[in-house]
Amino acid sequence: PGPQLPFDPEKKTVVVLGSGWGATSLLKTIDTADYNVVVISPKNYFLFTPLLPSVAVGTLSPRSIIQPTRYITRHKARTVSVIEAEATDVDPAAKTVTFTDDSEIKGTTSTTTIGYDYLVYAVGAEVQTFNIPGVQKHAVFMKELHDAERMQRAFMDCVETAAFPGQDTAEIERLLHMVVVGGGPTGVELSGELHDFLKDDLMAWYPELAGKVKITLVEALPSVLPMFSKQLIEYTESTFKESKIDILTKTMVKEVKDRSVVLQMPDKSIQEVPCGLVVWAAGNKGRNLTQNLMAKLPAEQTNRRGIAVDDHLRMKGAEDSIFALGDCSATSYAPTAQVASQQGAYLARALAQIARKDGMEKQLSHLEQTKQAGAFESEEQKQNIDKEIEGLKNRLAKFKPRPFNYSHQGTLAYIGSEKAIADLPFMNGNIASGGVATYLFWRSAYLSTLFSLRNRTLVATDWLKVKLFGRDVSRE
Ligand code: FAD
Ligand code: NAD
């Protein structure tokens, strides 16, 4: 027996794991009249990841880019259970989820198991360290809200320590050397934001240090941003050159130490470079929960990138009950917020169709039972039931749910110095754009995609505050 949730026993139960891009988009669209809906996530909020690097340099306040999940569910027609807990096990055969309250304060119960009819599996991914020594211990990540807050604290600590009276020149240079690992969009955007901080604020608040700060972006592949067109890669490289951000391509981080980073250079030589801070933005991998779930369906789940799904986002091997979307799934699409949010909205619509189908099946089985019992009041009633059964069978035979269809709206990235790059699909081709106008477009595009008016107001206010007073350099 599971816990008492506000359930209607007549309705099927949808359990949603996660409160990120995929899950939140599903929750916005789902019709709760059809289902009992339960959301389980260790975070009781949605995090707007595209603006995370802005939090890391103090442009935005952490609270401006998160939105409590209950802000969305409270507007639903029927109560949605929102549970702050981490799913620790999914049993696809028994159709159950076990979850644990992983927070500091615990009650007398902190682990329980509930059943589901449909599971929406949207737990995202975790940071990939490739087991490179020292990464977990010495580098900061750029994935969760606490990562951005940690980076801001560490970065400001480096600056304050460099300003300590009598610090020698080599140590100041080390402390003010910021290494960003990974030339994907996260690493590039973060480098750009760091540069803005130096240019706009460090010059004003720490003039004696400003000229000594160095940013290095390290990328193992031959170029940064492989998903962008050649023209935009070149534009980014030249902007970084002007911004004095060093890009080291074909260079691989082999180890992160307390005060340095060990690099394998393009000629395979090894160099140990002193630095104050290493930010690790080298990509993602599946969570343990996901690997364990996949291991329970070994015949169908063989893709190392994540959960294999069909065109309807049904998990292979558990097609009748589990849907997987976003970064935890392996599809032909990139693991982006854009894909996850479209998948979430699609799945909400697909679940509405499934509810109609389930309703028809229930009605059919009821009519067939009535027919079998043979207790008809008249021949006319029998014929009517036969007709209804025939009609329902025809409608069920014609039931063809639509597959997921991704509509790419373009790729945007902020590169610092109030410039952004955009690859936008246009008239069967792509237009590439870079510069200040693209940056303004980037800002307005993000402001309009932020989920609530509350968040839009908070972000716009933070931007205005920075324009008027500069970034907050105080360290918590
Ligand atoms: P997530 O949004 O990561 O959500 C996963 C959810 O699952 C979270 O709520 C998490 O708390 C929860 N969870 C974790 N473990 C468990 C568990 N055991 N049980 C239950 N719940 C669990 N994409 C773009 O398209 N454009 C961008 O500009 C962009 N910028 C980005 C910037 C940064 C810094 C980062 C890190 C990513 C960016 N992305 C961007 C990528 C985008 O954020 C991801 O592709 C997107 O978050 C994937 O959505 P998701 O729902 O699969 O996972
Ligand atoms: P990524 O996987 O795109 O990039 C990580 C990079 O790190 C790779 O290029 C890889 O070669 C490099 N790398 C890995 N190990 C390394 C090592 N030891 N030394 C040096 N380099 C190493 O990761 P990301 O940038 O976090 O992006 C993740 C996903 O989120 C992508 O799908 C991306 O498109 C999306 N995203 C999009 C935006 C945007 O659209 N603006 C912003 C951020 C993230």
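Every value quoted in this text rests on a predicted model; they were computed, and no experiment measured them.

All right, on to the overall build of the chain then. A tally of regular secondary structure across the chain gives 14 helices and 25 strands. Put simply, the chain has 476 residues, and 48% of those count as buried. The contacts of the chain with a sequence gap of at least 6 include a subset with a gap of at least 24, amounting to 65%. With an accessible surface of roughly 23800 Å², the chain has 52% of that area assigned to carbon and sulfur atoms. Charge centroids of the chain, computed over 54 positive and 56 negative side chains, lie 3 Å from each other.

Time to look at the packing of helix 5 (residues 145-162) against helix 7 (residues 185-205). In the contact formed by helix 5 and helix 7, the axes pass within 14 Å of each other and the chain directions differ by 45°. As summarised for this structure, helix 5 and helix 7 are arranged oblique, according to the angle between their axes. The two elements helix 5 and helix 7 meet at a crossing, and its hand is right-handed. Note on element contacts: helix 7 touches helix 5 through L190, L194, F197, L198 and L202, opposite M151, F155, M156 and V159. Among the residues making up the contact of helix 5 with helix 7, the classes are represented as nine nonpolar, no polar and no charged.

On to the environment of K357, then. Mapped onto the elements of the fold, K357 is located in helix 11 (residues 337-373). Considered as a pair, K357 and R395 are 38 residues apart in the sequence and their alpha carbons are 9.0 Å apart. Filtering out sequence-adjacent residues up to four positions away, K357 remains in contact with L396 and F399.

Residues in contact with ligand 1 amount to 30 residues; listed here are only the nearest, S19, G22, T49, D327 and Y446. At a separation of 3.4 Å, an oxygen atom of ligand 1 approaches a polar backbone atom of T336. At 3.0 Å, a backbone N or O of A337 approaches an oxygen atom of ligand 1. Elements with a minimum of two residues in the shell around ligand 1: helix 1 (21-29), strand 2 (35-41), strand 6 (86-91) and helix 11. Top element by residues in the shell around ligand 1 is helix 11. It accounts for three residues.

Right, let's talk about the pattern of salt bridges for a bit. Where side chains of opposite charge bring their charged atoms close, a pairing between them can arise. Within the structure shown, the criterion is met by 22 salt bridges. A salt bridge links D89 to K296; the shortest N-O distance between them is 2.5 Å. Of the two residues, D89 is situated in strand 6 and K296 in the loop between helix 10 (288-295) and strand 20 (307-308); the sequence distance between them amounts to 207 residues. Residue classification places K296 among the partly exposed positions, given a relative accessible area of 36%. The partner of K371 in a salt bridge is D386, with the nearest N and O atoms 3.2 Å apart. Placement of the pair is K371 in helix 11 and D386 in helix 12 (residues 379-398), with a sequence separation of 15 residues. Residues joined by salt bridges that share partners form a network here, namely K199, D200, D201 and R471.

It is worth spelling out the packing of aromatic side chains at this point. Summed over all chains, the structure comprises eight aromatic pairs. Residues Y333 and F404 carry aromatic rings whose centres are separated by 5.7 Å and whose planes lie at 85° to one another, so their mutual orientation is edge-to-face. Here Y333 is found in the loop between strand 22 (329-330) and helix 11, whereas its partner F404 is found in the loop between helix 12 and strand 23 (411-416), with 71 residues between them in sequence. Look at Y346 and F404: their rings are 5.5 Å apart centre to centre, the planes differ by 65°, and that puts the pair in the edge-to-face class. Note that Y346 is positioned in helix 11 and F404 in the loop between helix 12 and strand 23, a separation of 58 residues in sequence. F404 shares its class with Y346; the two are buried. Ring pairing ties together the aromatic residues Y333, Y346, F404 and Y406, which thus form one cluster.

Around ligand 2 sit 26 residues in total, of which T186, E219, V253, P335 and L412 are the nearest. In isolation ligand 2 exposes 840 Å². Once the protein is present, 80% of that is buried. Mapped by element, the contributors of at least two residues to the shell around ligand 2 are helix 7, strand 15 (252-256) and strand 23. Class assignment of the residues belonging to the shell around ligand 2 gives a composition of 16 nonpolar, eight polar and two charged.

The subject of this paragraph is the domain arrangement of the chain. Domain boundaries in the chain define domain 1 (12-125 + 286-357) and domain 2 (135-284 + 407-469). Averaged C-alpha coordinates put domain 1 and domain 2 at centres separated by 29 Å. Taken together, the contacts link 36 residues of domain 1 with 31 residues of domain 2. The contact between domain 1 and domain 2 buries some 2900 Å² in all, and 62% of this surface belongs to carbon and sulfur atoms. Inspection of the region where domain 1 meets domain 2 yields one salt bridge. The partner of K43 in a salt bridge is E144, and the shortest N-O contact between them spans 3.4 Å. The interface formed by domain 1 and domain 2 contains twelve residue pairs in polar contact (both at pLDDT 80 or more). Breaking the side of domain 1 that touches domain 2 down by element, the ones donating at least two residues are helix 1, strand 3 (45-47), helix 2 (52-56), strand 4 (66-68), helix 3 (69-73) and helix 11. Looking at the side of domain 1 that touches domain 2 element by element, the count peaks at five residues for helix 2. Here the residues of the side of domain 1 that touches domain 2 are counted per class, giving 20 nonpolar, eleven polar and five charged.

Position of P185 among the secondary structure elements: in helix 7. A C-alpha to C-alpha distance of 9.8 Å links P185 and T411, two positions 226 residues apart in sequence.

Within the open sheet, the five strands sit side by side as 5-2-1-9-21. Their pairing is parallel. In this open sheet, the two edge strands, each paired with only one partner strand, are strand 5 (80-84) and strand 21 (322-324). If you compare each strand with its neighbour and ignore which way they point, the axes differ by 15° on average. The pairing of strand 1 (residues 12-17) with strand 2 spans six bridges and is classified as parallel. Counterpart to V14 in the pairing with strand 2 is V37. Of the strands in this sheet, strand 1, strand 2 and strand 9 (118-121) are in contact with helix 1, which crosses strand 1 at around 145°. Helix 11 contacts strand 1, strand 2, strand 9 and strand 21 of the sheet and is inclined by roughly 175° relative to strand 9.

About the thresholds
Residues numbered from 1 in each chain as written. Chains lettered and ligands numbered in written order. Predicted model: local features only at pLDDT ≥ 70, side-chain atom pairs only at ≥ 80, totals over all residues. Heavy atoms only, no water. Helix = DSSP H or I, 4+ residues; strand = E, 2+ residues; numbered from the N terminus. Buried < 20%, exposed > 50% of the residue type's maximum accessible area, 1.4 Å probe, protein only. Contact = heavy atoms within 4.5 Å. Areas by Shrake-Rupley, 256 points an atom, 1.4 Å probe, with all protein chains shown as cover. Lys, Arg positive; Asp, Glu negative; His and termini not counted. Charge placed at Lys NZ, Arg CZ, Asp CG, Glu CD. Axes fitted to C-alpha atoms, helices over the stretch in contact; angles between N-to-C directions. Parallel < 35°, antiparallel > 145°, perpendicular 65-115°, else oblique. Left-handed = near helix turned anticlockwise from the far one by under 90°. Nonpolar A, V, L, I, M, F, W, Y, C, P; charged D, E, K, R; others polar. Near = heavy atom within 4 Å. Polar contact = N/O pair within 3.5 Å; in protein donor to acceptor, adjacent residues only side chain to side chain. Salt bridge = Lys/Arg side-chain N within 4 Å of Asp/Glu carboxyl O. Phe/Tyr/Trp six-rings, centres within 6.5 Å; stacked < 30°, edge-to-face > 60°. Domains from an automatic or database assignment. Buried area = accessible area lost by both parts, 1.4 Å probe. Pairing = 2+ DSSP bridges.

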